[in-house]
Amino acid sequence: MRTKIVIGVIFLFYALLIGRLFQLMVIEGGKYQTLSYRNFLREVEIPPVRGIIYDRLGTPVAYNQVRFNIGIKPHLREWELNLTLLQLKELLPEVNISKLQAQYRKWNSPYYHRPI
């Protein structure tokens, strides 16, 4: 008799668990999928708050300058590197491709990654 009660309780527990999984995945799945897409990526632009730092004579010592670093994935095959550099040249026409290739070959190491 006890065995039947224990088996019944275990069966009831698994039936409730499977029912809840069905509810979450099938019935309410669309709602949670929409929530996950909205929560995936949010871009917030925060302007810099620093200003120019002057010495006691009024000469600027430190000032803001916008700079960007470009990193290329290490261990690219020759054709992948050339394709990547050509795409970069389309975006930034002032880029010197031969100089970037030389820097890439110099710093292409599994132990040392640096922006070029």
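All of these numbers come straight from a predicted model, not from anything done at the bench. (Residues numbered from 1 in each chain as written. Predicted model: local features only at pLDDT ≥ 70, side-chain atom pairs only at ≥ 80, totals over all residues. Heavy atoms only, no water.)

Novice: Hey, could you run me through the overall build of the chain in this one?
Specialist: Along its length, the chain carries four helices and two strands. Relative to the 2.2 N^0.38 estimate, which gives 13 Å for 116 residues, the radius of gyration of the chain is 29 Å and therefore markedly larger than a compact globule would have. Dimensions of the chain along its principal axes, counting C-alpha atoms only, are 90 × 50 × 30 Å. Sorting the 116 residues of the chain into buried and exposed places 9% on the buried side. (Helix = DSSP H or I, 4+ residues; strand = E, 2+ residues; numbered from the N terminus. Rg over C-alpha atoms; globule rule 2.2 N^0.38 Å. Buried < 20%, exposed > 50% of the residue type's maximum accessible area, 1.4 Å probe, protein only.)

Novice: What exactly am I supposed to notice about the nonpolar core here?
Specialist: Most often, soluble globular proteins keep nonpolar side chains buried together rather than apart. With eight residues, the main nonpolar core is built from Ile72, Leu76, Leu81, Leu85, Leu88, Val95, Leu100 and Tyr104. Put simply, the parts of the chain that give this core at least two residues each are helix H3 (78-91) and helix H4 (97-107). When residues of this core are assigned to their parent elements, the largest contribution, three residues, is made by H3. (Core = buried A, V, L, I, M, F, W, Y, C linked by side-chain atoms within 4.5 Å.)

Novice: Explanation requested: the pattern of salt bridges in the structure shown.
Specialist: Proximity of charged atoms lets side chains of opposite charge pair with each other. By the definition in use, this model includes two salt bridges. Measuring nitrogen to oxygen at the nearest pair gives 3.7 Å for the salt bridge that ties Arg77 to Glu80. By relative accessible area, which is 53% here, Arg77 ends up exposed. The class for Glu80 is partly exposed, based on a relative accessible area of 22%. (Salt bridge = Lys/Arg side-chain N within 4 Å of Asp/Glu carboxyl O.)

Novice: Where do I start with the packing of H3 against H4 in this structure?
Specialist: Helix-helix packing: each pair is described by the crossing angle between the helix axes and the interaxial distance. At their nearest, the axes of H3 and H4 sit 11 Å apart, and the two run at 135 degrees to each other. Taken together, the axes of H3 and H4 are oblique relative to one another. Considering how the two elements wind past one another, H3 and H4 form a crossing that is right-handed. Residues Glu78, Leu81, Asn82, Leu85, Leu86, Leu88 and Lys89 of H3 pack against Ile97, Leu100, Gln101, Tyr104 and Arg105 of H4. Taken together, the residues of the contact of H3 with H4 sort by class into seven nonpolar, two polar and three charged. (Axes fitted to C-alpha atoms, helices over the stretch in contact; angles between N-to-C directions. Parallel < 35°, antiparallel > 145°, perpendicular 65-115°, else oblique. Left-handed = near helix turned anticlockwise from the far one by under 90°. Contact = heavy atoms within 4.5 Å. Nonpolar A, V, L, I, M, F, W, Y, C, P; charged D, E, K, R; others polar.)

Novice: What is the right way to read the packing of aromatic side chains from this model?
Specialist: Both the distance between ring centres and the angle between the ring planes are used here to describe each pair of aromatic rings. Counted under the stated rule, the structure contains one aromatic pair. With a centroid separation of 5.5 Å and 70 degrees between ring planes, the pair formed by Phe13 and Tyr14 is classed as edge-to-face. For Phe13, a relative accessible area of 52% corresponds to the exposed category. When its relative accessible area of 46% is taken as the criterion, Tyr14 is described as partly exposed. (Phe/Tyr/Trp six-rings, centres within 6.5 Å; stacked < 30°, edge-to-face > 60°.)

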